[in-house]
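Close look at the chain arrangement
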Amino acid sequence: MTFSYRVRSVLAGAAALLSLQAQAAEKVTAGSLTFVSSAPLFIAQEKGYFAAEGLDVEIKFFGSAQPIAVAIASGDVDFGLTAFTAGLFNLAGKGALKIVAAQLQEVKGFEGSHILVSNKAYAEGVTSVDKLKGRSFALSQVGSSFHYMIGQLGEKVGFKLSDMELKPLQSVGNMLAALKSGQVDSMIIVPQYARALVNAGEAKSIGQIADYAPYQVGGLFASTRNVETRRPMVEKFIRAYQKGIADYRAAFVTGEEGREQVLASVHKYVFKDEDAKAAYPKILSGVMYIEEDGRMDAADIYRQVDWYRGLGYVDAGVKAETFVDVSFVKPLTQPPAK
Amino acid sequence: MRADRTPVTYRAGGFSPRMIQALGAASFVAVIAALEAAARLGWIGPLSFPAPSAIGAALADLYRSGLLAQHLGASLRRLAVGWSAGVASGLVIGFALGVSTFARSLGLPWVAAISAIPKIALLPLFIIWFGIGEGSKYATIAFGAFFPTVINTFGGVDNIPRNLIRMGQSFNLKPLSIILAIVLPGTLPAILSAFRISASIGIILLVSAEMISAQYGIGAYIIEQQNLFQLDRLMAGVVLLMAVGLAVYGIIAVLERWLLRWR
Amino acid sequence: MPLPQREPCSVQLDIQSVSHSYGTLPVLDSVSFTVRDGEVVALIGPSGCGKSTLLAIVGGLLRPQAGAVFQEGEAPAGCINPLTYVFQDFALLPWRSVEGNIRLVLRGLAAREVEARIEEVLAQTHLSDFRRAYPKQLSGGMRQRVGIARALAVRPAVLLMDEPLSSLDAQTRVILLDEFAELFQRAGVTAVYVTHNLAEAVRLADRVVVLSRRPGRVKDVVPIAVPRPERAIDSPAMLAVERRLWNLIRDEAVLADQELADAR
């Protein structure tokens, strides 16, 4: 590890020298999922915000969040944009990566994830959040954001995690199928899927998570190596990312300014197999809140790490202060004072 | 004495492997010691491979928390039920393919086609058919154990010396007697090797089977640790699977020594 | 083809115009002969003349393409399998002990009868001390004794012996040949005995059916007139019969070889 680290640093140094000499754009790779949640990245790419910063960004796509984090740790990608999981915190805690800016956030007053119950469970009387106690709950994986959400929800309305029968089903597709068929009683899911299920009469929504437990859903990750040795490049990347967020917010969050153009940029990556007419409404239904300038709810990230650690899903040695880096973007909330 | 007189040298050595238990055990110790040393000296970082002592500590934690028994119990039960079901049905079909022209003509192409499917590909279907509870887990393991059993059993029946069956017929034994007294025991070596293969496959499939909606089980634990990126615990789960594999191998070896003592 | 002489009362087996071929290769051409009660008929001929094929047809283990085999007369008391095979390779179940192999073929008898018969045939074949041994623990000669014991246990009408000494070494063959001779004389066995060894045929048979080269036809039937007790090895009478048989076979064997060479 030490050895390859050294080799990579040397190579990175050599590459930097070469690019300086050639006055060419600095090559950077970013890992992402093909979800609307990565829209600021796509917008920055399409509108040339990265190029304007002198960065030549290649976006690599992944099937799920975990491999992105692993790819950052292994040095295969420089940045990653994805939701927080306990696994990610463990990886970050081992010193491989840092959280440098915010991605999605669940905030009161902006539509976010719905708490759904199956029609069967609803008929049995699970008509409000407090009645979830003792019911089964679908999640993708242990230590995923679904896990955190149900835990937070329970704390707010008065049930313990151990009261719930947790069903890890590996994928959102499995979760939806299990809820539809009544094999699980409940789940929490982003509006895009929640609305589809509710409109089709296949499940009932009994509330939104943000009304009970608003939280920082995801963030922008950078490898520790880059933060330490290529800080100017990281700053440039974040600046371009923030411009992407500004366009995203203008078009979707605060109004409809430039919406068509932003939709066109996002459509190049999301639902790109479908024509604009079919894709645009889907993109719009996938929109969730992103804070201005990518400012993090740092206090919440600390809370998440503590919560997972309490359950044993995050190693005892993992400390949020070692990887939540608020030096690039002024945070929305300050980390707890130590 | 003649000058061109040379002793004839022995040249027929080798090709008769024996099993030296101590050597096998020593290699385990050596690999573990080497990994531990490499980890302590910093040659292998914690992100690449956890130190054996960390794996041992994770196992100890698992034991202390009482979860070890729960994980092991859940997995062994799934393995026992799924494997028994797969092997039992595999034996019946394997014998049918072995003795009946009709069954062979009809069944063999299906067995050949379906056995090539990676079992995990059918997991979503199993979940729809058998639910997200124990049913789909049993089915996944049973399905994995079924095909090697069929193929081995049917091959074993095929390999029974034709002459022994003719002998049975020449003494006017009834077809059922021939199957029970000649075909079945004659297929036993192949059946035992089917046990061994299907048990390994069952253990492999444990991880797939417990992917969906399992709170306990070694496979579920491994997947959980994968997601949490806790490599020491992940490897603790893997070590448990290895131990189960070794134990099953040992049991079958004992069974073989006893059932095939006539060899 | 004239039908062979029949003596209805004493005939056990009547083989009538049996023909057979494997694919386009004819191996037996209209073979007929009879086996009388208490008689040992040896079947000899050059390699590949269809001796074993003929025996399989006689034993009902192969369907002849033409002709038929009839069994006549009354089976002996306690017979549960009139036509009983003794195999060249013994055909013992390796996972059953000596007595287990015999017990296998004694289905449908009372338990006491089964045990009594096992005792009896083991004693007859000098295997009483080995009843719990597995085949792999026995020598080739002992394995074939088990084969004989198993065949005798069913009290057969006719023993069908397919080169029973061929897979044994020369010394064991001599010893077992003596035992067979003694057994056949003592028990009055009816048997068809396939062999390529003329000495065996001369020693054991009452009549020798000589088959021609492929496709096998009955070339001659040679009675062995020497009384059994006098069939010691090297007696001039025995050597004369053996020479006569050899003359009959040699021509066929030489021709068979030539035909094989021509065919290549």
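Shown above is the structure to which this text applies.
Sequence order as written defines the numbering, with residues in each chain counted from 1. Here every chain gets a letter starting at A, and every ligand a number starting at 1, in the order they are written. Local features in a predicted model are, by the rule used here, given only for residues with pLDDT of at least 70; side-chain atom pairs are given and counted only at 80 or more, and totals for whole chains, interfaces and linings are based on all residues. Side-chain calculation: all heavy atoms of the structure are included, whereas hydrogens and water are not.

On to the overall build of chain A, then. Looking only at helices and strands, chain A has 14 helices and twelve strands in total. Computed over C-alpha atoms, the radius of gyration of chain A comes to 20 Å, within 12% of the 20 Å expected from 2.2 N^0.38 for 338 residues, which places it in the range of a compact globule. For chain A, the C-alpha atoms occupy an extent of roughly 70 × 50 × 30 Å along the three principal directions. Here the term buried applies to any residue with accessible area under 20% of the maximum for its type, exposed to any over 50%, and partly exposed to those in between, with areas from a 1.4 Å probe on protein chains only. Expressed as a percentage of its 338 residues, the buried residues of chain A come to 54%. Whether two residues are in contact is decided by their heavy atoms: any pair within 4.5 Å suffices. In chain A, of all internal contacts separated by at least 6 residues, the share reaching a separation of at least 24 is 77%. Note on areas: Shrake-Rupley with a 1.4 Å probe; residue coverage comes only from the protein chains shown. Total accessible area computed for chain A in this model is approximately 13800 Å², and 53% of it derives from carbon and sulfur atoms. A helix here means a DSSP run of H or I that spans at least four residues, while a strand means a run of E at least two residues long, and both kinds are numbered starting from the N terminus. Throughout, the radius of gyration refers to the C-alpha atoms, and the reference size of a globule is 2.2 Å times the residue count to the power 0.38.

Take the buried residues of types Ala, Val, Leu, Ile, Met, Phe, Trp, Tyr and Cys, join any two whose side-chain atoms come within 4.5 Å, and each joined set is a nonpolar core. In terms of nonpolar packing, the biggest core is built from 136 residues, with Leu132(A) and Phe237(A) touching the most fellow members. Sorting elements by how many residues they give to this core places helix 11 (residues 231–253) of chain A first, with eleven residues. If you count residues domain by domain, this core takes at least three from each of domain 1 (25–107 + 216–322) and domain 2 (114–213) of chain A. Counting residues in each nonpolar core, the second largest holds 108 residues, with Ile165(B), Ile191(B), Val146(C) and Val210(C) among its members. Source of the domain bounds: an automatic or database domain assignment.

Turning next to the interface of chain C and chain B. At the junction of the two partners, chain C supplies 22 residues and chain B supplies 17 residues. Around 1800 Å² of area is buried between chain C and chain B when both sides are counted, 65% of it from carbon and sulfur atoms. Counting the surface chain C buries against chain B, the share from its top three residues, Leu61(C), Trp95(C) and Lys136(C), is 32%. The rule for a salt bridge is simple: a side-chain nitrogen of Lys or Arg has to be within 4 Å of a carboxyl oxygen of Asp or Glu. The interface formed by chain C and chain B contains zero salt bridges. Pairing of N or O atoms within 3.5 Å defines a polar contact, subject to two protein rules: one partner must be a possible hydrogen donor and the other a possible acceptor, and residues neighboring in sequence count only if both atoms are side-chain atoms. Applying the counting rule to chain C against chain B returns seven residue pairs in polar contact (both at pLDDT 80 or more). Sorting the residues of the side of chain C that touches chain B by element identifies strand 5 (83–86) and helix 4 (140–153) of chain C as the ones contributing at least two each. It is strand 5 of chain C that contributes the most residues to the side of chain C that touches chain B, three residues altogether. Throughout this entry, Asp, Glu, Lys and Arg are counted as charged residues, while Ala, Val, Leu, Ile, Met, Phe, Trp, Tyr, Cys and Pro are counted as nonpolar. The remaining residues, Gly among them, count as polar. Taken together, the residues of the side of chain C that touches chain B sort by class into 15 nonpolar, two polar and five charged. By buried area we mean how much accessible surface two parts lose on assembly, using a 1.4 Å probe and totalling the loss over both.

It is worth spelling out the side chain of Gln242(A) at this point. Residues and elements named next belong to chain A. Looking at where Gln-242 falls in the secondary structure, it is placed in helix 11. Engagement of the side chain of Gln-242 in a polar contact is seen with the backbone oxygen of Asp-293, the distance being 2.9 Å. Apart from residues lying up to four places away in sequence, Gln-242 is in contact with Asp-293 and Val-329.

All right, on to the pattern of salt bridges then. Residues and elements named next belong to chain A. Considering all chains together, one arrives at 44 salt bridges over all chains under this definition. Across the salt bridge formed by Asp-185 and Arg-135, the nearest N and O atoms sit 3.5 Å from each other. One end of the pair, Asp-185, is in the loop between helix 8 (172–180) and strand 9 (186–189); the other, Arg-135, is in the loop between helix 6 (119–123) and strand 7 (136–139), with 50 residues separating them in the sequence. Where Glu-235 meets Arg-231, a salt bridge forms, and the shortest distance between an N and an O atom there is 3.5 Å. Of the two residues, Glu-235 and Arg-231 both sit in helix 11, four residues apart, roughly one turn of that helix. The class of Arg-231 is partly exposed, set by a relative accessible area of 29%.

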